[in-house]
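An overview of the molecular structure
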Amino acid sequence: MKRPLAFRLRPTKLDDVIGQKDLVGENGFLRKSVENKTPFSFILFGEPGTGKTTIAECYANEMHAKYFKINATSSNKKDLVDAIEQSKNYECPILIIDEIHRLNKDKQDILLPALEDGTVYLIGATTANPYISINKAIRSRCHLLEVKKLNLNELQEGIKRAIASPNGLDNKLKIDDEAIRYIARQSNGDFRFALNYLEIISFTYKDENVTLDKVKSIIKVPNSGIDNDEDGHYDAVSALQKSIRGSDVNAAIFYASRLLAAGDLDSLTRRLLVTAYEDIGIANPQACMRTKIAIESAYEVGLPEAIIPISVAIVDLALSPKSKQAYLAMAKAMEKNQDLPIDVLDYLRYTPVNVSEDEKYPYDMPEVWPHLQYLPDIIKNTKFFIMNPHAESSYEKFLNEQYKKYLSTFRSKDIKKIKELYKKK
């Protein structure tokens, strides 16, 4: 029984890899590494079907290195320990880990010392964004290399090579260039997707000339390029928030529909809630509350009906006035806290020490509260909150007026004098 076409055409050396010139081309990082016989640990990240695992194996082959291969999802701790122990018997061994973003902490604790002392070189492969999903300790010991989606020309080149190869279809399939272009376009950068459909076409239309119409009769659904753990997911989530921020309700609905089509209600609702408070915020606090209610309703009814309350929230947020002022103020304050270790003023402490009765916080004099200095001296004039000069909503305009009023109020650390002032009144 024949192996699948994608398996039969799997490259064994870097020259056979389709595309990825930045990595395997004449001046590519991996090509130079092989030429200089200098191995590195690295993580290959990119969408499915772009050749991550294939590139890892080709690299190991060309390094003439013994390599061990495990999958972080299906392999247990013993598999990892055994692979590392066996590696000690070889010079410059390579450990290839598929789905490395799923490596749990126990396995990471085993792997890190072996990476640190050079027992193994690691090649990880993942469809997830490594800056988000890969443990920082592992990430810092590896080069991060993006394996990009194949472009239309590269896919067409690969399809033609598969048709001609003796290990492939051995020129037994007659297919129009227009049909090849259509397969490439529908594959959305995923060469494995293209090969799988090419194989189905070769079985369906043996000894026939394959036209565009015949291909269309088989490929009914294009490869969407989105899944919970892939970059397409992060791209759709990012585009959704930017569309709402830019008040493009049509684009927001479109990108949300992509996430819903992939069944990714969790990421969609989380992003909507973040967007509501980050981008709409004080311009329309009621919209933030309505979004939370819509999300709760979506989970209560479940998919597919969940799209109904979600669609209402998206339209509400996209067409609402926007204000990032509250979020920006907090971000600025957090940055300041990282830069400076600043102590709380004595009279604001939970249990003030060595503070006289006259200088203690006046719990019983609310009229004094607006006149106290609350920020430490070193940043006492810092303005974290900046008024929005383009405020649209009546509520944000009201907050701006309140802010102006409090900015013009005198403030002091001299609690005793302020108390005396109000006692005289």
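Residues numbered from 1 in each chain as written. Predicted model: local features only at pLDDT ≥ 70, side-chain atom pairs only at ≥ 80, totals over all residues. Heavy atoms only, no water.

**Considerations on the sheet that holds strand β2 (residues 67-71)**
Spatial strand order, β2-β3-β4-β1-β5: five strands in an open sheet with parallel pairing. Sheet topology places β2 and β5 (143-146) at the edges, where each strand pairs with a single neighbour. The sheet shows a mean angle of 20° between the axes of neighbouring strands, taken without regard to direction. Pairing analysis gives five bridges linking strand β3 (residues 94-98) to strand β4 (residues 121-126), with the strands arranged parallel. The residue bridging I94 from the neighbouring strand is Y121, located in β4. On the sheet, helix α5 (residues 77-87) packs against β2 and β3 and is oriented at approximately 170° with respect to β2. (Pairing = 2+ DSSP bridges. Helix = DSSP H or I, 4+ residues; strand = E, 2+ residues; numbered from the N terminus. Axes fitted to C-alpha atoms, helices over the stretch in contact; angles between N-to-C directions. Contact = heavy atoms within 4.5 Å.)

**Things to note about the environment of E157**
With respect to the element layout, E157 can be found in helix α9 (residues 152-164). Separated by 65 residues in sequence, E157 and C92 place their C-alpha atoms 35 Å apart.

**Focus on a positive patch on the surface**
Together, K160, R181, R185 and K216 line one region of the surface with positive charge. As for its placement among the helices and strands, K216 is situated in helix α12 (residues 212-218). (Patch = residues over 30% accessible without salt bridge, like charges linked within 9 Å, V, L, I, M, F, W, Y side chains within 5 Å. Areas by Shrake-Rupley, 256 points an atom, 1.4 Å probe, with all protein chains shown as cover. Salt bridge = Lys/Arg side-chain N within 4 Å of Asp/Glu carboxyl O. Lys, Arg positive; Asp, Glu negative; His and termini not counted. Charge placed at Lys NZ, Arg CZ, Asp CG, Glu CD.)

**What about the pattern of salt bridges?**
Tallying each qualifying case throughout the model produces 22 salt bridges. Salt-bridge contacts for E199 lead to R8; the nearest nitrogen and oxygen are separated by 3.9 Å. Highlighted residues: E199 in helix α11 (residues 191-204) and R8 in helix α1 (residues 5-8), separated in sequence by 191 residues. Residue classification places E199 among the buried positions, given a relative accessible area of 14%. (Buried < 20%, exposed > 50% of the residue type's maximum accessible area, 1.4 Å probe, protein only.)

**A few points about the confidence of the model for the chain**
As a general rule, the predicted coordinates of low-pLDDT regions are not to be interpreted in detail. Averaged over every residue, the pLDDT of the chain is 87; the share at 70 or more is 96%. Per-element mean pLDDT across the chain ranges from 77 in helix α7 (residues 130-133) up to 95 in helix α17 (residues 307-319). The low-confidence segment residues 225-230 (pLDDT under 50) makes 20 contacts with residues lying over four places distant or belonging to another chain. (pLDDT = per-residue confidence, 0-100.)

**Some details on the side chain of Q373**
If you trace the backbone, Q373 turns up in the loop between α18 (325-339) and α19 (394-407). Separated by 2.9 Å, the side chain of Q373 and the backbone oxygen of L375 make a polar contact. One polar contact links Q373 to D377, side chain to side chain, over a distance of 2.8 Å. In contact with Q373, not counting residues within four places along its chain, are L345, Y347, L348, K380, R411, S412 and K413. (Polar contact = N/O pair within 3.5 Å; in protein donor to acceptor, adjacent residues only side chain to side chain.)

**Quick word on the pairing of β4**
Side-chain positions along a regular strand alternate between the two faces of the sheet. Burial runs high along β4: five of the six residues are buried. By the bridge criterion, four bridges tie strand β1 (residues 42-45) to β4 in an arrangement that is parallel. Bridged to F42 within β4 is I123. In terms of handedness, the path from β3 via helix α6 (residues 105-116) over to β4 forms a crossover that is right-handed. (Right-handed = clockwise from strand over helix to strand, strands pointing away.)

**Brief notes about the nonpolar core**
Core analysis: the biggest nonpolar cluster contains 28 residues, and I159, I175, I183, F191, L198 and V215 have the highest contact counts within it. For this core, the secondary structure elements donating two or more residues are α9, α10 (177-187), α11 and α12. Looking at this core element by element, the count peaks at seven residues for α11. With residues up to four places along the chain from it excluded, the contact list for F191 reads I18, G49, L150, L155, G158 and I159. (Core = buried A, V, L, I, M, F, W, Y, C linked by side-chain atoms within 4.5 Å.)

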